[in-house]
Amino acid sequence: MNSQKITMANGKLNVPDNPVIPFIEGDGIGPDVWIASQMVMDAAVEKTYGGKRKIAWKEILAGEKAFNQTGEWLPAESMDIAREYLISIKGPLTTPVGGGIRSLNVAMRQELDLYVCLRPVKWYNGVPSPVVHPENVNFVIFRENTEDIYAGIEFASGTPEAKKLLDFLTNELGAGKNIRFPETSAFGIKPVSKEGSERLIRAAILYAIENRLPSVSLVHKGNIMKFTEGGFKTWGYELAEREFGDRVYTWGQWENAKKTQGEDAANAKLKQEAAAGKVIINDVIADNFLQQILLAPQDYSVIATLNLNGDYISDSAAASVGGIGISPGANINYLTGHAVFEATHGTAPRFANTNTMNPSSLLLSGVMMLEYMGWQEAAENIEQALAAAIMSKKVTVDFYKLMSDATLLKTSEFAEEIINNLK
């Protein structure tokens, strides 16, 4: 079977039966969880498709391994390969100490313009959870991945740059009076564009439509940041009504109906539109949303939000379904097809090479990758096999400590247990 590249044409991925997929094993516990995840993915593809499909893995270097071999944390060659082959997957990467790249993860997202950070939040039966009804948690977060704090525009207190910006804010914009301690202030710039907001929200709405999900919630802090976060909300509603027409129903339309027809009629209209299969577009203030995902998570299905909000929300939501150790993630550009699937946890260097950590975050990111490729059957096979392992209480140390009558498995043994459960 000849291996081939995945390509993109007319807005659709073309995935051969033997695609080449670059991988970065990662730092710290990365090699352990990568080896386990690769074992399961290979076995699932083999079993699901009877040998007719197979992934040709191609290692690329980033992180400590890259630095030790090349003197660079993120070699240009690695980025070129990721760009050429469209889809890649990686384990956790360390953050370099000192100058240069602030974050390897952010650098890859910015370099490939991976404007969606996709984080599904779903509970698997038997996973220890701090909430009473984790089964009510099942939503997908679309986090904007290129603007906001990821722009990296910051100036340290006391630097010439900070002083220049202070002078500009004071003398040109008349905003100096709003800075309480100007001489010791550090400054950060938060860019939020209409284009960046729209492409993120468009992707979220399309996802909801394609997967027949009931709503898209725009999560923002527009009550305070009226032109950045508030702009995100406004642009989102405008885009929904302009581009998706009769496939969505927005809270703005509900508000208009309430004014003209009364609240009862407006609520009846909302129920009617939802029953007809339209995606309801609403918005929630970010701090209230963090409360609501604990109190009423069943009310949400697709979340679209800005970068910093999405960071907080993703990890907070993950805690209710077992933590980031079992939370997958992807960074995607739906226009070019480029995507990097990744473990959402850190490198945990003190557990490196111990063969003890849970590989589920990286493995479930692999499930997302298979879904993105259109290999849905293999993805579902892995999910059910993982769920069966957890239900049988044959787990790694993180879950073992929180379960009664569980069997403690090494990382590799957990992978073997999942493989045994494949159909």
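Residues numbered from 1 in each chain as written. Predicted model: local features only at pLDDT ≥ 70, side-chain atom pairs only at ≥ 80, totals over all residues. Heavy atoms only, no water.

Notes on the pattern of salt bridges
Line of reasoning, step 1. Counted under the stated rule, the structure contains 23 salt bridges.
Line of reasoning, step 2. Between Lys-65 and Glu-25 there is a salt bridge, with the nearest N and O atoms lying 3.1 Å from each other. Taken together, the positions of Lys-65 in helix H2 (residues 64-70) and Glu-25 in the loop between strand S3 (20-24) and helix H1 (30-49) put the pair 40 residues apart, joining distant regions of the chain.
Line of reasoning, step 3. Residue Glu-25 is classed as buried on the basis of its relative accessible area of 18%.
Line of reasoning, step 4. Via salt bridges that share partners, Glu-198, Arg-202, Arg-242 and Glu-243 belong to a single interconnected network. (Salt bridge = Lys/Arg side-chain N within 4 Å of Asp/Glu carboxyl O. Helix = DSSP H or I, 4+ residues; strand = E, 2+ residues; numbered from the N terminus. Buried < 20%, exposed > 50% of the residue type's maximum accessible area, 1.4 Å probe, protein only.)

Structural notes on the packing of helix H6 (residues 194-210) against helix H7 (residues 229-244)
Line of reasoning, step 1. In contact at an axis separation of 9 Å, H6 and H7 are set at 55 degrees when each is read in the N-to-C sense. The orientation of H6 with respect to H7, classified from their angle, is oblique. Pair H6 / H7 crosses with right-handed handedness. Residues Lys-194, Ser-197, Glu-198, Leu-200, Ile-201, Arg-202, Ile-205, Leu-206 and Ile-209 of H6 form the contact with H7, whose participating residues are Phe-232, Trp-235, Gly-236, Leu-239, Ala-240, Arg-242, Glu-243 and Phe-244.
Line of reasoning, step 2. When the residues that make up the contact of H6 with H7 are grouped by side-chain class, the tally is ten nonpolar, two polar and five charged. (Axes fitted to C-alpha atoms, helices over the stretch in contact; angles between N-to-C directions. Parallel < 35°, antiparallel > 145°, perpendicular 65-115°, else oblique. Left-handed = near helix turned anticlockwise from the far one by under 90°. Contact = heavy atoms within 4.5 Å. Nonpolar A, V, L, I, M, F, W, Y, C, P; charged D, E, K, R; others polar.)

Remarks on the sheet that holds strand S5 (residues 87-90)
Line of reasoning, step 1. A sheet is described by the order of its strands in space; here eleven strands give the open sequence S4-S3-S5-S15-S14-S6-S7-S13-S10-S12-S11, paired in mixed fashion. The two strands at the open ends of the sheet, each matched to only one other strand, are strand S4 (56-59) and strand S11 (248-250). When strand polarity is set aside, the average angle formed by the axes of neighbouring strands in this sheet is 25 degrees.
Line of reasoning, step 2. When S11 meets strand S12 (residues 279-285), the two strands line up parallel, connected through three bridges. Opposite Val-248, over in S12, you have Val-279 as the bridge partner.
Line of reasoning, step 3. Relative to S12, helix H10 (residues 286-295) is tilted by about 110 degrees, and along the sheet it contacts strand S7 (138-144), strand S10 (215-220), S12 and strand S13 (302-305).
Line of reasoning, step 4. Against the sheet, helix H11 (residues 307-319) contacts strand S6 (116-122), S7, S10 and S13, and its axis sits at roughly 155 degrees relative to S7. (Pairing = 2+ DSSP bridges.)

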